[in-house]
Amino acid sequence: MLKHIFVAATLWLSLATASGERGSPLSLSVEETRPPLSNQASLSEELQLVVSSFIATEPEEKALAHQFQNRISNLSVTLDALSSASNVTGSPQKAVVACIISSYLFPGAAITQEPEYTQEREAHWSQTCWLPAACFIRPKNTLEVAATMKVITHLGVRFAVRGGGHNANSGFASVGDNGVLIDMQDLNRLEVQGGADGNLITGPGNRWSRVYEYLSTNYGRAVVGGRTGEVGVPGFLLGGGMFFFPNMHGLGADNVVNFKCVLANSTVVNANQTSHTELFKSLKGGAANFAIVTEFTLRTYPIRDVWYAIDFYANADYKAVLNATIQTQLAMEKDPRIGFHANVQPGGILVGKVYASVDGQAVNPSSFAAFDGIKPMTVLVPPTNGTLADIASSLGPIVAVRREPHVVSYELSLDLYTDVYERYRSILNSSSAPSANLSYTIQPMGSAAVAAGKMQGGNIMGIPQVPQSWHASLVEWSSLDDDQAAHDMLQTYGADVKSLAEARNVYLPYQFMNDASYTQNPLETYTAENLAIMQDVSSAYDPAGIFQRLQNGGFLLRNVRRRTPARSVHHKRFLHHKRH
Ligand SMILES: Cc1cc2nc3c(=O)[nH]c(=O)nc-3n(C[C@H](O)[C@H](O)[C@H](O)COP(=O)(O)OP(=O)(O)OC[C@H]3O[C@@H](n4cnc5c(N)ncnc54)[C@H](O)[C@@H]3O)c2cc1C
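Residues numbered from 1 in each chain as written. Predicted model: local features only at pLDDT ≥ 70, side-chain atom pairs only at ≥ 80, totals over all residues. Heavy atoms only, no water.

Per an unreviewed UniProt entry, the protein chain goes by the name FAD-binding domain-containing protein and belongs to Aaosphaeria arxii CBS 175.79.

(A) Quick look at the environment of Thr142. With respect to the element layout, Thr142 can be found in helix α6 (residues 142-155). Once residues within four sequence positions are removed from consideration, Thr142 is found in contact with Phe54, Leu187, Lys260, Val262, Val268 and Thr294. (Helix = DSSP H or I, 4+ residues; strand = E, 2+ residues; numbered from the N terminus. Contact = heavy atoms within 4.5 Å.)

(B) How the structure looks around the sheet that holds strand β3 (residues 158-162). Pairing in this open sheet of four strands is mixed, and the strands run β1-β2-β4-β3 from one edge to the other. In the strand order of this sheet, the two ends are held by β1 (110-111) and β3, each with one partner. Pairing of β3 with strand β4 (residues 176-183), which is carried by five bridges, proceeds in the parallel orientation. Along β4, the bridge assignment pairs Ala160 with Leu181. (Pairing = 2+ DSSP bridges.)

(C) Fine view of the confidence of the model for the protein chain. Mean pLDDT over the protein chain stands at 89; residues scoring 70 or higher make up 88%. Every residue in residues 1-37 scores below 50 in pLDDT, and together they form 57 contacts with partners more than four places removed in sequence or on other chains. (pLDDT = per-residue confidence, 0-100.)

(D) Broad picture of the pattern of salt bridges. Evaluated as defined, the whole model comprises 19 salt bridges. Between Arg138 and Glu120 there is a salt bridge whose closest N-O contact spans 3.3 Å. Of this pair, Arg138 sits in the loop between β2 (133-137) and α6 while Glu120 sits in helix α5 (residues 116-121), and the two are 18 residues apart along the sequence. Asp483 serves as the salt-bridge partner of Arg402, at 2.8 Å between the closest nitrogen and oxygen. Taken together, the positions of Arg402 in strand β14 (residues 402-411) and Asp483 in helix α15 (residues 483-503) put the pair 81 residues apart, joining distant regions of the chain. When salt bridges with common partners are traced through the structure, they connect Glu120, Arg138, Arg162, Asp183 and Asp186 into a single cluster. (Salt bridge = Lys/Arg side-chain N within 4 Å of Asp/Glu carboxyl O.)

In structure tokens:
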């Protein structure tokens, strides 16, 4: 007994030193070993199981698995001593132990030293997400993700997963000192399979600019991806994924044909239309509830060349611009090659007009006819023939500020557009956050997009099939002093948009996850049947509730207050399906 206390005390002191000195390497000499506290398998045994159940499909993977197996054997005494000692420590110390174990398992993968530590901490679009972590772990392949997950679950450590870091909700892809952040950036495979018009396999470490560039240059094709190149592949796809031309082939999630993923128990599965079908469906818009995705396979399309222009209109012309916006949205229902959004800012209204030139065809001159006769204050981008890769990269450098998003859906109504614009102006005028800037974007989502998405296999989001707008509001501010006032301004404005839409009888409860605030609950706005599927998939694939209990944040099922009546009916069907 005394021996055990001595080991634990030594470890405690070492960990306290390691976690207290940011910038010094985490190192620990394990002087004695002790048996696991319970009769559960030891960490090294569990890791060996992860490797032996890993199905390596390529020679490289086989070699990796073999190497990894040897490393675990050589380190088993150390790994088990560390994990046993962590049983007597608190949660910040457990996280540090996870970091130490990871640095033994994958040398160089656990980042605790400067300058990389700060680069990792600040690798988010919004400063509100610049949280510390006990360490940032950068796995290089699926097996390392599976092993990292095993360390996390064995120790019971808080964690978060980050792709492109563009979700502005604090704590979703960021974690804090008492947890570890799994940064997926090194899983950046890009490969087209099945011929020149085949599907694209992309790792979650990629951003859309790299994906578009690769496909455009090598194949003259594109996938249904983000409109801004810096956005990460995984968060975009798991949250639905609004493309430039949603009416062509639906949303990003509709176009995923396979998710390779690591489950809570570290097994690796491929979820697609014939295997793990309910998991497949749930991942198409169901967020980070079920697995860590290590590869997405996406349909590709012959879209490369686009025509585009960006105009900035005066506030004085808002009625004409809003009217033209609705007209263009209606035109989009008939012509899926039209891409469009209107971004309302304090200084004016920025309108992005895009047209997919399939087969080299130039812009349809009538596509944006509704804007003829409204003279822009500034032509930000004159009519340009370029590629998707060009336009996705056309956004200027990212400015580091604090940010918070919010979303409301409604059907098309010029009266509502006008009400909302006028409310926006009055909220701006009464702002008590001097450093804050409020803006909103009208994002068209067509009934044609819902139909096109269904043709590709659909998703879990249950989007109503009507022409609608996703009203994405954003507050950005620079001073910490304005945190509360900026948040309040956004929330007040968001609530006002909702009540104005209700008053005009065009409000839609559906919330688009990729633009939603942490104060919202998009999963609750999915259909009862789809929510039931997700709840059942979560129970079946993650019975210990790892993604719900240990994951730091996100649009998680644990926050859903509604257990749907459809659940029991669906559950029986699901269990039947799993058994047969
Ligand atoms: C400038 C800008 C432009 C945007 N444009 C668009 C657009 O055109 N269309 C659109 O739909 N959205 C758009 N968005 C919203 C964006 O899609 C979401 O914020 C999305 O969550 C970002 O994905 P990410 O990988 O960059 O984010 P992250 O912040 O890294 O992750 C977002 C969420 O996904 C989880 N996650 C990350 N990787 C994985 C993984 N491998 N497995 C499981 N879970 C994972 C994280 O834990 C987190 O909960 C835009 C956002 C910004 C800031």
